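Below are the chains, spelled out letter by letter.
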Amino acid sequence: MNQPFIRNHQYNLIRKQVRLLQHTCQTVFDPKVVKSVRESAQLRIAEAFPNATGEQAAALEAFLPYDKEEQFQSYLRSLEPYLEPFPPTTEAQLRKLFPKAKKLKLPDLEAVDFRRVSYLGWTDIATNKLFLVYPMDGKLAGVEGRFTPANKKSTCFLCNKQEEVALFTATAKSKPAGASPDYYKAIGNYLCVDSKKCNDNLTEIDALERFLADVLG
């Protein structure tokens, strides 16, 4: 049985590298250039899996001899059994993460492909709030904040792509030592309006984990 070990952001990185190699194979006729791109793809994927076993490394490197579109597509499909899904999540768990939101609007969990999710994100238009859930340290962590559409394309702080964004502003829960009772710190960043598209774009999660650490303390 295939043991899942590829997280969503890692699969996105693999897909990005494979697509670059596929494009190079189709448009470049210098074998040295193709070889360089192939080796770069191999290196970048290997760096994303420093603890890969021999079997896992073999599965990841199966694309190396390929040069045709159908071969690359078959390779990406072959990795699907290895995708590690987002932890099982229920509506009750989500409500527990946001106890102050008495009329919390929840996402349709049955419509979510949890293999292709790094974080759960959804908006409540009625309250202009965005809710973000991510597994940290073995448990789900939730952050809510004000969601102000920018009505423009800009760089998302999570996926680092040019997309339709909104300003996501959350209040830090921790306070510095000696802070006054009315101390308040807001942390704001531009975030994709479409969380599904953001999850499809993510190739690293450092920015997401830093943001959550800054807000949750």
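Residues numbered from 1 in each chain as written. Predicted model: local features only at pLDDT ≥ 70, side-chain atom pairs only at ≥ 80, totals over all residues. Heavy atoms only, no water.

Draft legend 1. Representation of the sheet that holds strand E2 (residues 129-136). Strand order in the open sheet made by the 5 strands is E1-E2-E3-E4-E5, with antiparallel pairing throughout. Edge strands, defined here as strands with exactly one partner in the open sheet, are strand E1 (120-124) and strand E5 (186-192). Geometrically, the sheet is characterised by an average inter-axis angle of 35° between neighbouring strands, direction not taken into account. The sheet strands contacting helix H7 (residues 206-216) are E2, strand E3 (139-155), strand E4 (162-171) and E5, and the helix crosses E2 at an angle near 105°. (Pairing = 2+ DSSP bridges. Helix = DSSP H or I, 4+ residues; strand = E, 2+ residues; numbered from the N terminus. Axes fitted to C-alpha atoms, helices over the stretch in contact; angles between N-to-C directions. Contact = heavy atoms within 4.5 Å.)

Draft legend 2. Structural view of unusual backbone geometry. Its identity as a non-glycine residue notwithstanding, asparagine 151 has a phi of 55°, on the positive side. Even without being glycine, asparagine 160 reaches a positive phi, approximately 60°. Topologically, asparagine 160 is positioned in the loop between E3 and E4. Under the relative-accessibility criterion, asparagine 160 is labelled exposed at 59%. (Buried < 20%, exposed > 50% of the residue type's maximum accessible area, 1.4 Å probe, protein only.)

Draft legend 3. Main features of the packing of aromatic side chains. For the structure on display, the rule yields 10 aromatic pairs. Ring centres of phenylalanine 5 and tyrosine 82 lie 5.4 Å apart, and the angle between their planes is 70°; on these two criteria the pair is classed as edge-to-face. Here the residue phenylalanine 5 occupies a position in the segment before helix H1 (8-27), and tyrosine 82 occupies one in the loop between helix H4 (69-78) and helix H5 (91-97), the gap between them amounting to 77 residues. In this structure phenylalanine 5 comes out as buried when scored by relative accessible area, which is 11%. According to the relative accessible area criterion, tyrosine 82 is buried, its value standing at 12%. By way of ring pairs, the aromatic residues Phe5, Phe49 and Tyr82 are connected into one cluster. (Phe/Tyr/Trp six-rings, centres within 6.5 Å; stacked < 30°, edge-to-face > 60°.)

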